[in-house]
Amino acid sequence: MTTFVDRVELHVAAGNGGHGCASVHREKFKPLGGPDGGNGGRGGDVTLVVDQSVTTLLDYHHSPHRKATNGQPGAGDHRSGKDGQDLILPVPDGTVVLDKQGNVLADLVGEGTTYIAGQGGRGGLGNAALASARRKAPGFALLGVPGESTDIVLELKTVADVALVGYPSAGKSSLISVLSAAKPKIADYPFTTLVPNLGVVTAGATVYTIADVPGLIPGASQGKGLGLEFLRHVERCSVLVHVLDTATLESDRDPVSDLDVIEEELKQYGGLDDRPRIVVLNKIDIPDGQDLADMIRPDLEARGYQVFEVSAVARTGLKELSFALAGIVAEARAAKPKEEATRIVIRPKAVDDAGFTVTFDEANEVYRVRGEKPERWIRQTDFNNDEAVGYLADRLNRLGVEDALVKAGARSGDGVAIGPEENAVVFDWEPTMMAGAEMLGRRGEDHRLEAPRPAAQRRRDRDAERDEAEQEFKEFGPF
Ligand SMILES: Nc1nc2c(ncn2[C@@H]2O[C@H](COP(=O)(O)OP(=O)(O)OP(=O)(O)O)[C@@H](O)[C@H]2O)c(=O)[nH]1
Ligand SMILES: [Mg+2]
């Protein structure tokens, strides 16, 4: 049997940022022309966008690996690398994004709703952008940051006002085909419908949507038939319609016990108790069907159900049904305003830009530094370039990492790890190392040899802070 594709696992990889370029301007008779290395371009994002013309997740089932393009590296002569292209993945309305543990990350409802599943890496600044009053000719550039790469799960939850539920072959698809313009597949074998069909119904002034979902059988909650999987489509509907077959040929079935079975399965699924339900007795064009309908109607009404007798084939009783549904839908809408279809952009997580933490990791015997900035700075550093390492040390120092390490009890020679356990840069801590390139200050001076004059030191710190802020800004800017 065909698999029911409304849940896919997707591996997304955003583009890497391009590396910045370290280059010195060259011109005849001008030996030291100044730094002119351009910035790397940013990597493309992987973005999910609700597109109403897309109705299934089938495409992602067939090719579940998606990658945006990388940013280009910067070049000499102030040439910036091109940004990578964002990869836009169209998804159906009602797609829910989860992580692999099953936590909901976003619920995408409404045309144009956007979710950034993987953020492209920042491009590295070139040495031209890193130059400052204190660092006139940096001999290094920043590396591009790798793009985010994650596994997500997409689940489709149809957004409709009314859901038709019932046994296979009860006539759900037939009913939606005569109530709306939808043209689903109809056949006399069970499980004809494998993915939900949506139709739009106009009844008087009310326009509502109706969904026909695959048939349900006893034991669906244990995975029989198509299982309960597709019932997630029913979750968002405000009205449930039991479509009961009054003319089934199976001797062990009758509409009332069918109803009980379906109700039991809905209960197993859970969370649907508050939804109003009505009963449709279908196939009354068949004489035995009409007789059976007449017989069980009082029983169903006694249970509190509003009952409609219809024939999808002879097209009888449809008007009453569609107007009654319009009434219930209108009531439900008034009670709970429907989620507005807004064009919103949802980001996976707010970037906590501000802080960092230092903790002692007993298992690995290192002081662990965690924080968005320090971890990014590590990725931006070319560890083969001493000047770049010095610049990193300087940045970390200014953020207060060195002070925090002292406070946490770190001593010279202790191990310090920046980043998560599985992906950290570890080094032996030397407090003086934290003042690499910047301590060299003006040409020919080394502040490590003499105590810095307090006023001059303060000025230097202030300038450095301004540099830092300026460079963070440049990195964010579109160059
Ligand atoms: N006589 C009669 N036959 C009907 C009526 N409605 C549906 N049928 C027939 O019943 C069979 C099943 O109809 P479908 O609409 O495919 O049933 P379904 O509930 O969508 O079935 P699944 O998709 O398998 O769950 C088809 O052969 C239809 O022609 C009706 O009102 N009268
Ligand atoms: Mg069907």
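Residues numbered from 1 in each chain as written. Chains lettered and ligands numbered in written order. Predicted model: local features only at pLDDT ≥ 70, side-chain atom pairs only at ≥ 80, totals over all residues. Heavy atoms only, no water.

## Re the UniProt feature "binding site: Mg(2+)" (unreviewed entry) in the chain
- Within this numbering scheme, the UniProt entry marks Ser173 and Thr193 as carrying the feature "binding site: Mg(2+)" (unreviewed entry). The greatest C-alpha distance among the annotated residues, which extend across 21 residues, is 7.5 Å, indicating that they converge on a single site.
- Looking at the element boundaries, Ser173 is found in helix 3 (residues 172-179).
- On the basis of relative accessibility, which here comes to 8%, the residue Ser173 falls in the buried class.
- With sequence-adjacent residues up to four places away left out, Ser173 is seen in contact with Pro184, Lys185, Ile186, Thr193, Asn197 and Asp212.
- Inspection of the secondary structure assignment puts Thr193 in the loop between helix 3 and strand 10 (197-203).
- When near neighbours in sequence (up to four residues on either side) are disregarded, Thr193 contacts Ser173, Lys185, Asp212, Val213, Pro214 and Leu226.
- In this structure the side chain of Thr193 is engaged in a polar contact, spanning 2.7 Å, whose partner is the side chain of Ser173. (UniProt positions renumbered as here; feature names shortened; annotations may be inferred. Helix = DSSP H or I, 4+ residues; strand = E, 2+ residues; numbered from the N terminus. Buried < 20%, exposed > 50% of the residue type's maximum accessible area, 1.4 Å probe, protein only. Contact = heavy atoms within 4.5 Å. Polar contact = N/O pair within 3.5 Å; in protein donor to acceptor, adjacent residues only side chain to side chain.)

## Description of the site of ligand 1
- Lining the immediate surroundings of ligand 1 are 24 residues, of which Ser169, Lys172, Ser174, Thr193 and Asp285 lie closest.
- Gly171 is positioned such that a nitrogen or oxygen atom in its backbone is 2.9 Å from an oxygen atom of ligand 1.
- Separating an oxygen atom of ligand 1 from a side-chain N or O atom of Asn282 is a distance of 3.1 Å.
- Contact with the protein chains covers 88% of the free accessible surface of ligand 1, which is 650 Å².
- For the shell around ligand 1, the element with the highest residue contribution is helix 3, accounting for three residues.
- Here the shell around ligand 1 is built from residues that sort into eleven nonpolar, nine polar and four charged. (Near = heavy atom within 4 Å. Areas by Shrake-Rupley, 256 points an atom, 1.4 Å probe, with all protein chains shown as cover. Nonpolar A, V, L, I, M, F, W, Y, C, P; charged D, E, K, R; others polar.)

## Quick word on the pattern of salt bridges
- Inspection of the entire model under this criterion finds 18 salt bridges.
- For Lys100, the salt bridge is made with Glu9, and the minimal N-O distance between the two is 3.6 Å. Of the two residues, Lys100 sits in the loop between strand 5 (95-98) and strand 6 (104-108) while Glu9 sits in strand 1 (residues 7-13), which places them 91 residues apart along the sequence.
- Accessibility expressed as a relative area gives 47% for Lys100, which makes it partly exposed.
- Measuring nitrogen to oxygen at the nearest pair gives 2.9 Å for the salt bridge that ties Arg253 to Asp258.
- For Arg253, a relative accessible area of 12% translates into the label buried. (Salt bridge = Lys/Arg side-chain N within 4 Å of Asp/Glu carboxyl O.)

## Concerning the coordination of the magnesium ion (ligand 2)
- Donor atoms from the polypeptide that bind the magnesium ion (ligand 2) are Ser173 (OG) and Thr193 (OG1), placed at 1.9 to 2.1 Å. Taken together, the positions of Ser173 in helix 3 and Thr193 in the loop between helix 3 and strand 10 put the pair 20 residues apart, joining distant regions of the chain. We note that Ser173, like Thr193, is buried. (Donors = N, O, S within 2.8 Å, 3.2 Å for Na, K, Ca; no water.)

## What to know about the sheet that holds strand 19 (residues 425-428)
- The mixed open sheet is built from four strands, whose spatial order is 16-17-18-19. In the strand order of this sheet, the two ends are held by strand 16 (357-361) and strand 19, each with one partner. Across this sheet, the average inter-strand angle for adjacent strands is 25 degrees, counted without regard to direction.
- Relative to strand 19, strand 18 (residues 415-418) runs antiparallel, the two sharing four bridges. Considered in strand 19, the bridge of Val416 is made with Phe427.
- Where helix 9 (residues 401-408) meets the sheet, it contacts strand 16, strand 17 (366-370) and strand 18, and its direction lies at approximately 140 degrees from that of strand 17. (Pairing = 2+ DSSP bridges. Axes fitted to C-alpha atoms, helices over the stretch in contact; angles between N-to-C directions.)

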